[in-house]
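# Structural overview for review
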Amino acid sequence: DKAPLSKSLLLVPSAISILLTLLFQHYQKFFAYNLQAIKEDFQIWRLVCGRTICLDLKDAFCSCLLLYNFRIFERRYGSRKFSSFLLGAWMLSALFDLLLVEIAQYIFGITINSLPSGFLGPVFALFVPFYSSIPRVQVTQVLGHFSITNKTLVYILGLQLVTSGSYIWILALSGLVSGICYNSSILKVHQILCVPSWVAKIFSWTLEPIFSSAEPTNEVQVGMGATVDIQRQQRMELLDRQIMMSQVAQMRRQRQQQGGMINWNRLFPPLRHRHNVNYQDHHPSEQDTPPPTEVSEEQVARLMEMGFSRGDALEALRASNNDLNVATNFLLQH
């Protein structure tokens, strides 16, 4: 849902790769990423064909899994900005491919006539925003020293893709460099290499109805977080709120009869760390209350983009002394 471009990149190139491998093998030569034909015979069309369709099903499978994980960027930024990133990374990585091949021949004496085909440059470029903008949440530990996080599987898939071919490291390096250049605020590449609004409107009218998916109706409507882990945490938070409301309705009559404040720490163990400051059995004195910590509005906005409420974001940032990573882990674990 809300990622039609990612869905089209998963379905269309994968279907063509399967057809070329199983039924139309004699047409595979037209989709080979042949650098010699590009430089000597000026077959520029090979840049489009060779850098879009994978001829190795193993590479196609790994790149599809990575695109499926990276669909969160289309949901966060929108299809036009996501397509602009892919277009810019595709064009820059094509330039860096040729440059790295020439460097390898000049320094190491390695002559490279062809590279693995496929939509690999933009896929590796997506690791740059994935590393910088997706929060790292620890899931478990192996042998007590090696941490397993919500991003470990994605990095393992990228490593598997890098080691699948002899010269695929050139595509990986050019993709990472192009992602860094596109995200750089100094180079301003994102202002030059972008999809025009009229082109985005044409594709939204023609292709988006074909690849768009209906919003899930069997799930509770909650704010959409940046990652699957955050979305699951949002559903847990919604369940906590439903339990809280039902318990409040049950205890309201007892509160009216007995008086006094409800002991929230006893009623709601999952939320005790978040509410034990405001709901204690006695009010702290003004002398004992520390002055509130100033919170950065930019960090509050980043936490709200992940799906957390403003109140929870403010409280977590105050508790963590404006440390965004600590505040994110605090909100995900409580």
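See the structure shown above.
This section reports on the structure supplied with the text. (Residues numbered from 1 in each chain as written. Predicted model: local features only at pLDDT ≥ 70, side-chain atom pairs only at ≥ 80, totals over all residues. Heavy atoms only, no water.)

Glancing now at the pattern of salt bridges. Using the criterion set out here, one finds four salt bridges in the structure. A salt bridge links Arg-51 to Asp-97, with the nearest nitrogen and oxygen atoms 3.3 Å apart. You can see Arg-51 sitting in the loop between helix H3 (45–50) and helix H4 (57–69) and its partner Asp-97 sitting in helix H6 (residues 79–108), a full 46 residues away along the chain. On the basis of relative accessibility, which here comes to 2%, the residue Arg-51 falls in the buried class. Ionic pairing is found between Arg-310 and Glu-297, a salt bridge with its closest N-O pair at 3.0 Å. With Arg-310 in helix H18 (residues 310–319) and Glu-297 in helix H17 (residues 297–305), this pair connects stretches of sequence that are 13 residues apart. Take Glu-297: its relative accessible area is 45%, and that puts it in the partly exposed class. (Salt bridge = Lys/Arg side-chain N within 4 Å of Asp/Glu carboxyl O. Helix = DSSP H or I, 4+ residues; strand = E, 2+ residues; numbered from the N terminus. Buried < 20%, exposed > 50% of the residue type's maximum accessible area, 1.4 Å probe, protein only.)

A cluster of nonpolar side chains, contributed by Ile-18, Leu-19, Leu-22, Leu-23, Phe-24, Tyr-27, Phe-30, Trp-45 and Leu-57, occupies part of the molecular surface with about 850 Å² of accessible area. Note on placement: Tyr-27 falls in the loop between helix H1 (4–22) and strand E1 (33–34). (Patch = residues over 30% accessible without salt bridge, like charges linked within 9 Å, V, L, I, M, F, W, Y side chains within 5 Å. Areas by Shrake-Rupley, 256 points an atom, 1.4 Å probe, with all protein chains shown as cover.)

Moving on to the environment of Gln-138. With respect to the secondary-structure elements, Gln-138 resides in strand E3 (residues 138–142). In this structure, the C-alpha to C-alpha distance between Gln-138 and Ile-148, residues ten residues apart in sequence, is 5.9 Å. Beyond its immediate stretch of four places on either side in the chain, Gln-138 contacts Ser-147, Ile-148 and Thr-149. (Contact = heavy atoms within 4.5 Å.)

Moving on: the packing of aromatic side chains. Scanning the model with the defined rule gives eleven aromatic pairs in all. Taking the centre distance of 6.2 Å and the plane angle of 20° together, the rings of Phe-127 and Tyr-155 count as stacked. Placement of the pair is Phe-127 in helix H8 (residues 127–133) and Tyr-155 in helix H9 (residues 152–162), with a sequence separation of 28 residues. Residue Phe-127 is classed as buried on the basis of its relative accessible area, which comes to 10%. By way of ring pairs, the aromatic residues Phe-70, Phe-73, Tyr-77, Phe-124, Phe-127, Phe-130 and Tyr-155 are connected into one cluster. Sitting above the plane of the Tyr-77 ring, Lys-81 keeps its charged end 4.6 Å from the centroid. In this structure, Lys-151 packs its charged tip against the face of Phe-130, placed 5.0 Å from the ring centre. (Phe/Tyr/Trp six-rings, centres within 6.5 Å; stacked < 30°, edge-to-face > 60°. Lys NZ or Arg CZ within 6 Å of the ring centre and 35° of its normal.)

So, about the side chain of Asp-97. On the basis of relative accessible area, Asp-97 is assigned to the buried category, the value being 0%. Discounting residues that sit within four places of it in the chain, Asp-97 has contacts with Tyr-33, Arg-51, Leu-115, Ile-170, Leu-171 and Ser-174.

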